[in-house]
Structure formats: structure tokens, C-alpha cells
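Listed below are the residues making up each chain.
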Amino acid sequence: MTQIQLVEVGARDGLQNEKVAVSTEAKLAFINRMIDAGIKRLEATSFVNPKLVPQMADAAEVMAGVPRDRGVSYIGLVLNKKGFDRAIEAGVDEVGCVVVASDTFGQKNQGQTIEDSIRVWHELSRAAAERGVKASLTVSAAFGCPFEGEVPLARVRDIVEACMKSPGVDLAVADTIGVGVPSQVTEMLRALKPLARDVPLRVHFHNTRNTGIANVAAAIAEGVTYVDASIGGIGGCPFAPRATGNVPTEDVLYMLQRMGIETGIDLERVIEAANWIETQLGKTVPGMVSKAGGFPAPAAKAA
Ligand code: MG
């Protein structure tokens, strides 16, 4: 049976763009609900400039409060050595690093050109290895840039090739602004697989134009086994105009379950967590399965 690992990004990518200040306690309650649902690897927070992303200012407090006895790997997003040092100090299991596929987006998102971000990746992946911490890598804006438009596949290939000189635990391509379509996913993954060699590929899709779930299906068809998703489909990017949430965990999970693909995650509990985060944010989440429910309904399954 095929196995997929869902990487839960709701506590970081999901919350970072929310205008409502979410308390550290609520973030920890959210993370505990993820773990209760069976999630084993999650983005807990990011170690970025708190002036630019105030929602993540409590990164160290969040890491200090997460349960450490439940077999969960906690990812802290870092964009430079300063963030890396804070993440290590806070005790993350994994640093999530980001190279950009567009100079303009890179400068707005993290003050780095493509070249800068590749250099920083080599520096951080080496530093992580020295500390015995895992490092994962995401190529952001790989499917399109909010400022420059189309991102040529050849450029993504070159970036991946350069980054593979310091291979991480996995390598993700991210559709930061949700412009990708399944045929593009297929083409990109086929081009990158030979470059990634034995480093597993991960995908990170935003559902801004409703192609996110189809893109996940296309990625799985190409043999990708790591998929980022956020409970409720919350999220966005503060530096990418009009970008909306990640693919909703419960929607991806529903699809995978009905396809006979194992994740070890409990759909009903994820739906409960999606309903709960709605009450915290005071708004309806974009995900659909938290509203429609799974199928068959739990009562019909028992009958
Ligand atoms: Mg994202």
C-alpha cells in the first residue's frame, strides 16, 4: 500500500498571515490537536523578523511548550543564520529553509536574490549537519512569481541542481501563490526527479485558484510521498499579494483515504481541529471537507 506523509503547516504557514493575534496557548492547543489526529511532522513556527511577521514573534515560546514525548518532528522555518541560531536555541528538530525561484519575490520575502538564497542554503545545511539537526529545503515561487510572472522550468532545474550540492532531508517545490496546474506539476517533477536522486521530493501547494487538490493528485501520481497541507486550508504569504491558504489537510486526507493511500492520520480529528481553529480565528476556513464531512459518515460506517 502507498504511504504518504502529510506535513502539517497550519501553525506556521497557516497562521502567519492572520490579522487576529493568536495567543501562544491557542497555537499550542492547535498543535496538540494536530498531534492527537496522528500528525508526526509539522511546522511549529518560524524564526523570522517579528517586526515583519508579528504573528510569529512567540516562536521560542511555542517551541518551549510543544510536547516532546509524542514522536513528533517539529520544523522551524528559517531564512538566514540569525533565524537559524534562534531555531537551534529553541530546540527545533528540523530547520525548514527556503530558496527562491524569483529575484523580485526573494527580495520582498526574505531580502535575498536567487543566488543569495542558494548561498544561505549551503551555509544553513552545513550548520544544521554540524548541530545534528535535520534541514529541509523548499523552492518557493517555483510555479510562478507574483511580481515577475512565469518562472521558467529551466531556472527551477538550475536552482535544484545548485542546491543538491548540500542535500537536505527532502526537497520541496512550492506554489506560493497558487498558480500551478497538474500538467505543470507533472512536468516539473519529472524534470527534478533525476536531479534530486535519492532525496525525497515534497510538494507545497496553495489553493488560491482551486487547483491545489488536483496538483496534489498529480504529484502523487509521480511518486511524491511528502505533501504539505494546513488544517482548514488556512494560510497565505504576507509578501505575496492575494495569495491564499494551503491545500486543506482534511481535503487532501479525504482524497487519499478514498484512494486507498495510508497516512496514519484520523480524518474526524482533523475535521474537529479545522472546526476549532474557525472559532479561534472568528471566520470560516476555506477547506470543504470540514463542512461536508467524510464519506461514509461515521454513523453509516459503524452500521
Ligand atoms: Mg506557503
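Draft legend 1. Here's a closer look at the overall build of the protein. Scanning the protein for helices and strands turns up 13 helices and eight strands. The C-alpha radius of gyration of the protein comes to 18 Å, within 12% of the 19 Å expected for a compact globule of 303 residues. Principal-axis analysis of the C-alpha atoms places the extent of the protein at approximately 60 × 40 × 35 Å. Sorting the 303 residues of the protein into buried and exposed places 59% on the buried side. Across the protein, every contact between residues at least 6 apart in sequence was considered, and the portion connecting residues at least 24 apart equals 73%. Surface exposure of the protein reaches about 12400 Å², of which carbon and sulfur atoms provide 52%.

Draft legend 2. Broad picture of the packing of helix H7 (residues 153-163) against helix H8 (residues 182-196). Closest axis-to-axis distance for the H7/H8 pair is 10 Å, and the angle between their directions is 25°. When the axes of H7 and H8 are compared, the pair comes out roughly parallel. Where H7 crosses over H8, the handedness of that crossing is right-handed. Seen from H7, the contacting residues are Leu153, Val156, Arg157, Val160 and Glu161; seen from H8, they are Glu187, Met188, Ala191, Leu192 and Leu195. Considered class by class, the residues forming the contact of H7 with H8 number seven nonpolar, no polar and three charged.

Draft legend 3. Main features of the coordination of the magnesium ion. In the first shell of the magnesium ion, the protein supplies Asp13 (OD), His204 (NE2) and His206 (NE2), at 2.0 to 2.3 Å from the metal. Between the donor residues of the magnesium ion, the gaps in sequence give the motif D-x190-H-x1-H. One end of the pair, Asp13, is in helix H1 (residues 10-14); the other, His206, is in the loop between strand S7 (201-205) and helix H9 (212-221), and 193 residues separate them in sequence. What makes His206 buried here is its relative accessible area of 2%.

Draft legend 4. Highlighting the pattern of salt bridges. By the definition in use, this model includes 15 salt bridges. Across the pair Asp58 and Lys27 runs a salt bridge whose closest N-O atoms are separated by 2.8 Å. One end of the pair, Asp58, is in the loop between strand S2 (41-47) and helix H3 (59-65); the other, Lys27, is in helix H2 (residues 24-36), with 31 residues separating them in the sequence. Relative accessible area serves as the criterion here: at 3%, Lys27 is assigned to the buried category. Of the charged contacts in the structure, one is a salt bridge between Asp85 and Lys81, with a shortest N-O distance of 2.9 Å. Residue Asp85 and its partner Lys81 are located together in helix H4 (residues 81-90), separated by four residues, close to a single helical turn.

Draft legend 5. View of the packing of helix H6 (residues 114-131) against H7. At a minimum axis distance of 10 Å, the contact between H6 and H7 shows a crossing angle of 25°. Judged by the angle between their axes, H6 and H7 are roughly parallel. Considering how the two elements wind past one another, H6 and H7 form a crossing that is right-handed. Between H6 and H7, the residues in contact are Ile114, Ile118, Trp121 and His122 and Arg155, Ile159, Ala162 and Cys163, respectively.

Draft legend 6. How the structure looks around the packing of aromatic side chains. The final tally for this structure, using the stated rule, is two aromatic pairs. Seen in terms of ring centroids, Phe143 and Phe205 are 5.7 Å apart; in terms of plane orientation they differ by 65°. Their pairing is edge-to-face. Of the two residues, Phe143 sits in the loop between strand S5 (134-140) and H7 while Phe205 sits in strand S7, which places them 62 residues apart along the sequence. Looking at Phe143, the relative accessible area reads 3%, which means it is buried. The buried category is assigned to Phe205, whose relative accessible area is 1%. If you follow Arg41 out to its NZ or CZ, it ends over the ring of Tyr226, 5.3 Å from the centre.

Draft legend 7. Just H6, in detail. Its 18 residues give H6 an end-to-end C-alpha distance of 26 Å, which sits within 8% of 26 Å, the value for a rise of 1.5 Å per residue. Buried positions along H6 lie against strand S3 (73-78), H4, strand S4 (94-100), helix H5 (103-110), S5 and H7. In the stretch just after H6, Gly132 is the one whose phi turns positive, near 70°.

Draft legend 8. Geometry of H7. Of all the residues in H7, the buried ones are Val156, Ile159, Val160, Ala162 and Cys163. End-on, the buried residues of H7 take up no more than an arc of 160°, which puts them together on one face. Contacts made by the buried residues of H7 are with S4, H6, S5, strand S6 (171-175) and H8.

Draft legend 9. Just the nonpolar core, in detail. If you look at the biggest cluster of nonpolar residues, it comprises 105 residues, and the most contacted ones within it are Ile31, Leu42, Tyr74, Val95 and Val173. Among the elements that make up this core, the one with the highest residue count is helix H11 (residues 267-281) (eight residues). The residues contacting Val173, other than those within four sequence positions of it, are Val139, Ala142, Phe143, Val156, Met188, Leu189, Leu192, Arg202, Val203 and His204.

Cut-off values and rules
Residues numbered from 1 in each chain as written. Predicted model: local features only at pLDDT ≥ 70, side-chain atom pairs only at ≥ 80, totals over all residues. Heavy atoms only, no water. Helix = DSSP H or I, 4+ residues; strand = E, 2+ residues; numbered from the N terminus. Rg over C-alpha atoms; globule rule 2.2 N^0.38 Å. Buried < 20%, exposed > 50% of the residue type's maximum accessible area, 1.4 Å probe, protein only. Contact = heavy atoms within 4.5 Å. Areas by Shrake-Rupley, 256 points an atom, 1.4 Å probe, with all protein chains shown as cover. Axes fitted to C-alpha atoms, helices over the stretch in contact; angles between N-to-C directions. Parallel < 35°, antiparallel > 145°, perpendicular 65-115°, else oblique. Left-handed = near helix turned anticlockwise from the far one by under 90°. Nonpolar A, V, L, I, M, F, W, Y, C, P; charged D, E, K, R; others polar. Donors = N, O, S within 2.8 Å, 3.2 Å for Na, K, Ca; no water. Salt bridge = Lys/Arg side-chain N within 4 Å of Asp/Glu carboxyl O. Phe/Tyr/Trp six-rings, centres within 6.5 Å; stacked < 30°, edge-to-face > 60°. Lys NZ or Arg CZ within 6 Å of the ring centre and 35° of its normal. Expected span 1.5 Å × (residues − 1). Arc of directions from axis to C-beta. Core = buried A, V, L, I, M, F, W, Y, C linked by side-chain atoms within 4.5 Å.

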